[in-house]
Amino acid sequence: MSDLLDDVNRRTQMVGQNRLELLLFSLGTRQMFAINVFKVREVITCPPLNRMPRAHPIVRGVATLRGQTVSVVDLARAIGMNAPEPDKGFVILTEFNRSVQGLLVAGVDRIINLNWDQIRPPPRGTHKDSFLTAVTQVDDRLVEIIDVEKVLEMVTGPSKDVDASLAARAGEGGRVPRALVADDSAVARKQVVRALEQIGVESVVVNDGRQALEALREMAQQGPIDDQIGMVISDIEMPEMDGYTLSSEIRRIPELSGVYILLHSSLSGTFNESLVKRAGANRFLPKFSPDELAEAVLECLRSGETDA
């Protein structure tokens, strides 16, 4: 229990400091990859897997781990690598997008602590179908951060439409405001924009927290922010500036301090509520339910709430 409390306190103290922890791993080649530690439950040696008929080709099988049946995804195969299959391998047990799944990797290196401003978007010219969400440098080596939401979508398929009863409420309350959407995952951006379109809300889309803050500042120079934007919907994990730091920065700027902030993240663990409160956001919503997102947006618009 004391270890758990120490872990909670340590991660809570990182809020507003624009820091993250990455788990480094390999997929059978010299290239290093990473995933945010917040998504990781544990790392284990790959157990015997039971293959499932008609499963997606990237699903190597299922295993019972800690009393729960978990699908194990071959991460190298998912991102299109021609890497050799590991003789043994490791499973990174992850929790995101409201589900638990295992990621099969060849080897696990270590955990590192970085500033988010050390995380960069993928290089220019990266193919739009790439599974990279960001890159960084560790010991003079390029580390590629995987868009795990895109990997998961391969197995689960595209998100569903907003329920017709919610879509029918589009335009309630008069003028339909815009929402600023900040997310570094192309899949997540499309999901959010599609859900907002179905309830009549226009989107202004940016790729990270720094771009979001710059966009809000430009709007504030043009006039009252409430006349231009109804709310901010932001991911938490983003290069340059994360969602927690974005929320803290917005609250520090008088012209922006009243903006409603919804943090919308695949990080669905137990830490988020206290972290969101500390960062100054109004609400946290785990990804991704189009109906819950639509309901949260409609509730915000209906109430007209803008105070932190």
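Everything below is about the structure shown above.
Residues numbered from 1 in each chain as written. Predicted model: local features only at pLDDT ≥ 70, side-chain atom pairs only at ≥ 80, totals over all residues. Heavy atoms only, no water.

Enquirer: Would you mind going over the nonpolar core with me for this structure?
Expert: Burial of nonpolar side chains together is a common tendency in soluble globular proteins. Grouped together as the largest cluster of nonpolar side chains are 27 residues, with contacts concentrated most on Leu 180, Leu 216, Ile 250 and Leu 263. Listing elements by their share of this core, those giving two or more residues are β11 (178–182), β12 (202–206), α6 (209–222), α7 (243–252), β14 (261–265) and α8 (272–279). With four residues, α6 is the largest single contributor of residues to this core. Not counting residues up to four positions away in its chain, the partners in contact with Leu 216 are Leu 180, Ile 225, Ile 229, Val 232, Ile 250 and Leu 256. Residues Ala 78, Phe 96, Phe 131 and Leu 152 belong to the second largest nonpolar core, which totals 23 residues. (Core = buried A, V, L, I, M, F, W, Y, C linked by side-chain atoms within 4.5 Å. Buried < 20%, exposed > 50% of the residue type's maximum accessible area, 1.4 Å probe, protein only. Helix = DSSP H or I, 4+ residues; strand = E, 2+ residues; numbered from the N terminus. Contact = heavy atoms within 4.5 Å.)

Enquirer: What exactly am I supposed to notice about the side chain of Thr 133 here?
Expert: Summarising the element assignment, Thr 133 is placed in strand β9 (residues 132–138). Polar contacts involving the side chain of Thr 133 include one to the side chain of Asp 184, which spans 2.6 Å. In this structure, Thr 133 is in contact with Pro 122, Ile 145, Ile 146, Asp 147, Asp 184 and Ser 185, ignoring residues within four places of it in sequence. (Polar contact = N/O pair within 3.5 Å; in protein donor to acceptor, adjacent residues only side chain to side chain.)

Enquirer: Teacher, can you tell me more about the packing of aromatic side chains here?
Expert: For any two aromatic rings, the description comes down to two numbers: the centre-to-centre distance and the angle of the planes. The final tally for this structure, using the stated rule, is one aromatic pair. Here Phe 25 and Phe 33 contribute two aromatic rings whose centre-to-centre distance is 6.1 Å and whose plane-to-plane angle is 20 degrees, an arrangement assigned as stacked. When sorted by exposure, Phe 25 lands in the same class as Phe 33, which is buried. Its end group placed over the ring of Phe 131, Lys 150 keeps NZ or CZ at 5.1 Å from the ring centre. (Phe/Tyr/Trp six-rings, centres within 6.5 Å; stacked < 30°, edge-to-face > 60°. Lys NZ or Arg CZ within 6 Å of the ring centre and 35° of its normal.)

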